[in-house]
Amino acid sequence: MARIDRMLPAQAPGASGRPSLRPGLLRASLWFAARWIVIVLILAGWELAARSGAVTPFMLPALSSVLERIFSDARSGALFVNAGVTLYRAVAGFLIAGAGGIALGALMARVGPVRWFFDPIISVGFPMPKIAFLPVIILWLGVYDLPKISMVVFDAIFPVVTATYAAVLAVERELLWSARNMGAREHELMWQVVLPAALPQIMTGLQVALPIALIVAIVTEMMMGGYGLGGAMLDASRFADSRGVFAGIAEIAVIGYALVKGMALVRRRLLLWHPEALEPSTP
């Protein structure tokens with residue numbers, strides 16, 4: 001028995017033979033810390049630079065002072081009102097642009113006359129700074145929510161159209177031939193074969209369009225005033241409220257990050273069947 005015991009491999013106390021999860025958790029924790037260490041260093045540098053005396057509080061208020069301003073706005077309810085208005089405009093415009101862009105891109109890929117008519121418009125309009133049309137939109141639609149949402153739609157629809165158009169064209173012809181041989185009609189072909197096959201690239205277009213929608217909503221608010229995060233930053237700058245301006249920047253950064261991560265989760269949920277869902281994701 002003594003010889004047999006000496007021949008057996010050493011085993012840690014309490015080990016059950018199954019792979020331990022601790023190394024994996026440790027690696028995930030280290031990776032998470034490495035991803036955020038840069039942000040932490042930037043925030044720490046911000047606080048140190050503001051308190052060093054090299055710049056005035058007007059030019060660069062301390063991070064702690066900006067956080068106090070954010071908490072004050074949250075207690076008064078102004079933060080939630082402005083953030084809610086901005087999100088309403090951005091998300092409403094994004095949903096309209098998403099639905100319209102997917103429909104138009106699919107039609108351009110499948111119907112020749114539609115492609116002939118819209119392809120020059122998309123080619124010229126995509127690289128063009130659409131915010132230049134804001135004065136015209138104001139003349140036509142006024143200064144309330146409608147022109148701001150319209151500008152969001154106008155800007156966000158282009159990446160959705162181009163992504164959908166390219167995705168539908170890239171669907172393998174063998175899938176279409178197989179579906180037709182099995183008796184699929186054209187509308188069944190579109191809903192059950194083409195769109196599912198094109199969904200990964202369509203989702204990429206939507207992921208590009210969502211930050212654009214938020215950016216355009218804030219820019220229009222800064223140019224037109226009123227409620228919203230952009231309007232609040234405009235008012236703060238008019239009254240030389242440096243803390244209010246930097247608080248708006250921080251709020252926009254957090255909201256933008258939350259929207260991007262939320263869209264990434266939606267993508268993974270919709271593409272559970274796709275090979276990319278099997279790849280490890282980063283936090």
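Conventions we followed
- Residues numbered from 1 in each chain as written.
- Predicted model: local features only at pLDDT ≥ 70, side-chain atom pairs only at ≥ 80, totals over all residues.
- Heavy atoms only, no water.
- Helix = DSSP H or I, 4+ residues; strand = E, 2+ residues; numbered from the N terminus.
- Buried < 20%, exposed > 50% of the residue type's maximum accessible area, 1.4 Å probe, protein only.
- Contact = heavy atoms within 4.5 Å.
- Areas by Shrake-Rupley, 256 points an atom, 1.4 Å probe, with all protein chains shown as cover.
- Patch = residues over 30% accessible without salt bridge, like charges linked within 9 Å, V, L, I, M, F, W, Y side chains within 5 Å.
- Salt bridge = Lys/Arg side-chain N within 4 Å of Asp/Glu carboxyl O.
- pLDDT = per-residue confidence, 0-100.
- Axes fitted to C-alpha atoms, helices over the stretch in contact; angles between N-to-C directions.
- Left-handed = near helix turned anticlockwise from the far one by under 90°.
- Core = buried A, V, L, I, M, F, W, Y, C linked by side-chain atoms within 4.5 Å.
- Parallel < 35°, antiparallel > 145°, perpendicular 65-115°, else oblique.
- Nonpolar A, V, L, I, M, F, W, Y, C, P; charged D, E, K, R; others polar.
- Expected span 1.5 Å × (residues − 1).
- Bend = angle between axes of the 7 residues up to and from the residue.
- Lys, Arg positive; Asp, Glu negative; His and termini not counted.

Points about the overall build of the protein chain
Counting its secondary structure elements, the protein chain contains 11 helices and 0 strands. Listing every helix and strand of the protein chain by position from the N terminus yields α-α-α-α-α-α-α-α-α-α-α. In the protein chain, which comprises 283 residues, the proportion classed as buried is 33%. Residue pairs at least 24 apart in sequence account for 70% of intrachain contacts in the protein chain once pairs closer than 6 positions are excluded. On the protein chain, roughly 17700 Å² of surface is accessible, and the fraction owed to carbon and sulfur atoms is 71%.

Some thoughts on a nonpolar patch on the surface
Taken together, the side chains of Phe32, Trp36, Ile37, Val38, Ile39, Val40, Leu41, Ile42, Leu43 and Tyr257 present a nonpolar region at the surface, about 890 Å² in accessible area. The element that contributes the greatest number of residues to the nonpolar patch is helix α2 (residues 22-51), accounting for 9 residues. With relative accessibility at 38%, the residue Ile39 sits in the partly exposed group.

Some remarks on the confidence of the model for the protein chain
For the protein chain, per-residue confidence averages 84 on the pLDDT scale, and 88% of positions sit at 70 or higher. Mean pLDDT across the elements of the protein chain ranges from a minimum in helix α1 (residues 2-7), with 46, to a maximum in helix α4 (residues 78-110), with 95. Below pLDDT 50 for its whole length, residues 1-17 participates in 2 contacts with residues either more than four positions away or in separate chains.

What to know about unusual backbone geometry
In this structure, Ala240 is a non-glycine residue whose phi angle is positive, near 55°. The topology assignment puts Ala240 in the loop between α10 (229-238) and α11 (242-270). On the basis of relative accessible area, Ala240 is assigned to the partly exposed category, the value being 46%.

What about the packing of α4 against helix α7 (residues 145-169)?
Between α4 and α7, the shortest axis-to-axis distance is 6 Å and the interhelical angle comes to 35°. In the packing of α4 onto α7, the handedness of the crossing is right-handed.

Examining the nonpolar core
Counting 47 residues, the largest nonpolar core has Phe94 and Leu206 as the members making the most contacts within it. Looking at this core, the elements with two or more residues in it are α4, α6 (134-141), α7, α8 (173-181), α9 (186-224), α10 and α11. The element best represented in this core is α9, accounting for 17 residues.

Considerations on the environment of Ile149
Looking at the element boundaries, Ile149 is found in helix α7. Separated by 59 residues in the primary sequence, Ile149 and Ala90 have C-alpha atoms spaced 6.9 Å apart. For Ile149, the residues in contact, after removing those within four places along its chain, are Tyr88, Arg89, Ala92, Gly93 and Ile96.

Section: the packing of α4 against α11
Helices that pack against each other are described as a pair by the angle of their axes relative to one another and the distance between those axes. Running from amino to carboxyl end, α4 crosses α11 at an angle of 40°, the nearest separation of the two axes being 12 Å. One element, α4, and the other, α11, form an angle in the oblique class. Both α4 and α11 take part in a crossing whose hand is right-handed. Contact with α4, carried on its side by Leu79, Ala83, Leu87 and Phe94, involves Glu251, Ile255, Leu259 and Met263 of α11 and no other residues of that element. Along the lines of polarity and charge, the residues of the contact of α4 with α11 split into 7 nonpolar, no polar and 1 charged.

Some points on helix α5 (residues 112-125)
Compared with an ideal rise of 1.5 Å per residue, which puts 14 residues at 20 Å, α5 spans 20 Å between its outermost C-alpha atoms and is within 8% of the ideal. Its maximal kink placed at Phe118, α5 deviates by approximately 35°, while the proline Pro120 follows within four residues.

Details of the side chain of Arg89
With respect to the element layout, Arg89 can be found in helix α4. Judged by its relative accessible area of 5%, Arg89 falls in the buried class.

Details of the side chain of Glu251
Its location among the elements puts Glu251 in helix α11. Arg69 provides the closest opposite charge to the buried, salt-bridge-free Glu251, at an N-O distance of 6.9 Å. Those residues in contact with Glu251 that sit more than four places away from it in its chain are Ile70, Asp73, Leu79 and Leu229.

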